[in-house]
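Structural characterization, general
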Amino acid sequence: MQRIRELDERYVASTYRRQPLTLVKGRGMFVEDIHGKSYLDFVGGIAVCSLGHCHPALTKAISAQAKKLMHVSNLYYIQQQAELAALLSHVVPKGINKFFFCNSGAEAIEGAFKLAIKHTRRQRIIAMQGSFHGRTAATVGATWKSSYREPFEAIIPKIFDFVPFDDLAAVERTMGEQTAAVIVEPVQGEGGVNVPSDDYLPGLQKLCDEHGVLLICDEVQTGMGRTGKWFACEHWGIEPDELTMAKALGGGFPIGCLGAGAEVMGSFTPGDHASTFGGNPLACAAAKAVIETMQKLKLPQRAAKIGEYFKTRLNELANKHGCVREVRGLGLMLAMELSTKQIADAALEKARERGFLVNCTADRVLRFVPPLIIERKHIDRLIETLDEIFSEVEK
Ligand SMILES: Cc1ncc(COP(=O)(O)O)c(C=O)c1O
């Protein structure tokens, strides 16, 4: 552990605040550190490892493809890419049937902005307060936290209008002749797992339709079954014009994807957009295995059911402990807002010491985005431990 820490501090860019932990192995719901200590994982690489760690179907697909063909240029037809696109077309919301593949969430969203601007021939994008869309120049521009944006103002496009999340009137006031798109996370992730009111997303879709504005649903975190449906926007029955995916799509193998209807995607013509690695055989073989396994195990339905149980159990803690302000979320994207950042930090550390990985976002919100294969017994173990921890910190 000490050697890894020294190497990291000496040679790796210090862009991450790391916890004192080196994880070297994983299986299902568990990861193991360099000293052989095991942890129940409620972070899942931040909503990435939906099949759990090293699921045999995913490992097998990656190994088989690695032996056959890892990479070829998009100058040629790619079997796994075409098959993945066809498979995706069956699980995405209605109206989305063409796909552009890339390597990350931010890259998918950059593509979504370019496509919206080219398609509508307009220049501005409405984004939400509390949003997170990535760290590249355009996506950090659409990200709400000013400390992420301000040092880099010089390279950030000045095309974003921010409005409060869950406020339709503000969107209506802000939409203008130059508005190309509205980008929204159906449930805000980094912003603290914020679920909007029931009329918000349908209202947003109506406003966009009335003004010829494209609705971009950023489902990088909420997608792939996380919230109990394949895509979170389905909870409100909406059909976005553009859909962005990444994180769980490859189950741990890097892949991102922008989806749109044929007419909108048709505004991209050869040369408009590209990515060397985007949609290569290895990444697409991984994503195909993820989707097929999710279908086989009915993981979105499972996330809905077990997520309800998890939320009920978190609410029991909220009723018992004064330090818990609120429990919120959908499916297996759940959060517990605590009264202070100090309590959240202490809870995180104590949980880790007791063998549980939990994430904290928006200063004092414990976020739970575990693999979708989680079982009740894992949830019960976490609840028991959090119960003890909250009793200790409240003393
Ligand atoms: C909603 C959302 N959009 C975009 C991103 C950026 O994705 P990536 O880190 O793969 O670029 C994230 C990452 O956390 C996210 O949660």
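Residues numbered from 1 in each chain as written. Predicted model: local features only at pLDDT ≥ 70, side-chain atom pairs only at ≥ 80, totals over all residues.

The subject of this paragraph is helix α13 (residues 341-353). Structural remark: α-helix, 3.6 residues per turn; residues separated by three or four positions point the same way. When the terminal C-alpha atoms of α13 are compared, their 18 Å separation across 13 residues agrees well with the 18 Å that a helix rising 1.5 Å per residue should span. Within α13, burial applies to A344, A347 and A351. All buried residues of α13 fall inside an arc of 65° around its axis, so they share one side. Pointing more than 90 degrees away from the buried face of α13 are the exposed residues Q342 and E353. Those residues of α13 that are buried are in contact with β12 (333-338), β13 (356-357), β14 (359-361), β15 (365-368) and α14 (376-394). A positive phi of about 90° marks G355, the residue just after α13. (Helix = DSSP H or I, 4+ residues; strand = E, 2+ residues; numbered from the N terminus. Expected span 1.5 Å × (residues − 1). Buried ≥ 20, exposed ≤ 12 C-beta atoms within 10 Å, placed from the backbone. Arc of directions from axis to C-beta. Contact = placed C-beta atoms within 7 Å.)

Another aspect to go through is the environment of A61. Relative to the assigned elements, A61 resides in helix α3 (residues 56-68). Overall, the presence of 24 C-beta atoms within 10 Å leaves A61 in the buried class. With 226 residues separating them along the chain, A61 and A287 place their C-alpha atoms 9.3 Å apart. Not counting the four nearest positions on each side in its chain, A61 is found in contact with A285, A286, K288 and A289.

This paragraph deals with the nonpolar core. Residues I125, V182, C257 and A286 are the most contacted members of the largest nonpolar core, which totals 114 residues. Looking at this core element by element, the count peaks at 10 residues for helix α11 (residues 281-297). Setting aside anything within four residues of it in sequence, one finds A286 in contact with L58, A61, I62, G250, G251, F253 and I255. (Core = buried A, V, L, I, M, F, W, Y, C linked by C-beta atoms within 7 Å.)

Helix packing for two helices is described by the angle between their axes and how far apart those axes are. Their axes nearest at 10 Å, the elements helix α12 (residues 299-320) and α14 cross at an angle of 15°. Classified by the angle their axes make, α12 and α14 are roughly parallel. Pair α12 / α14 crosses with right-handed handedness. Across the interface between the two elements, I306, Y309, F310, R313 and L317 of α12 pack against R376, I379, I383, L386, D387 and F390 of α14. Here the residues of the contact of α12 with α14 are counted per class, giving 8 nonpolar, no polar and 3 charged. (Axes fitted to C-alpha atoms, helices over the stretch in contact; angles between N-to-C directions. Parallel < 35°, antiparallel > 145°, perpendicular 65-115°, else oblique. Left-handed = near helix turned anticlockwise from the far one by under 90°. Nonpolar A, V, L, I, M, F, W, Y, C, P; charged D, E, K, R; others polar.)

On to the sheet that holds strand β11 (residues 324-330). Strand order in this open sheet of 4 strands is β11-β12-β15-β14, and the pairing throughout is antiparallel. Where the open sheet ends on each side, the last strands, each with one partner, are β11 and β14. In this sheet, neighbouring strand axes are inclined to one another by 25° on average, regardless of whether the strands run parallel or antiparallel. Of the pairings in the sheet, the one linking β12 to β15 comprises 4 bridges and is antiparallel in character. Residue pairing in the sheet places M336 in a bridge with L366 of β15. Packing of α12 onto the sheet brings it into contact with β11, β12 and β15, and relative to β11 it is tilted by some 175°. Docked against the sheet, α13 engages β12, β14 and β15, running at close to 125° with respect to β12. (Pairing = 2+ DSSP bridges.)

With 16 residues, helix α5 (residues 105-120) extends 23 Å from end C-alpha to end C-alpha; this agrees with the ideal 22 Å at 1.5 Å per step. Positive backbone phi, approximately 55°, marks R121, located one or two places after α5.

It is worth spelling out the site of the ligand at this point. Around the ligand, a shell composed of 14 residues is seen, among which S104, G105, A106, V220 and Q221 lie nearest. At 3 residues, the largest contribution of residues to the shell around the ligand is made by α5. The class makeup of the residues in the shell around the ligand is 5 nonpolar, 6 polar and 3 charged. (Near = placed C-beta within 6 Å.)

So, on to the environment of D209. Position of D209 among the secondary structure elements: in helix α9 (residues 200-211). Using a count of 13 C-beta atoms within 10 Å as the deciding quantity, one classes D209 as partly exposed.

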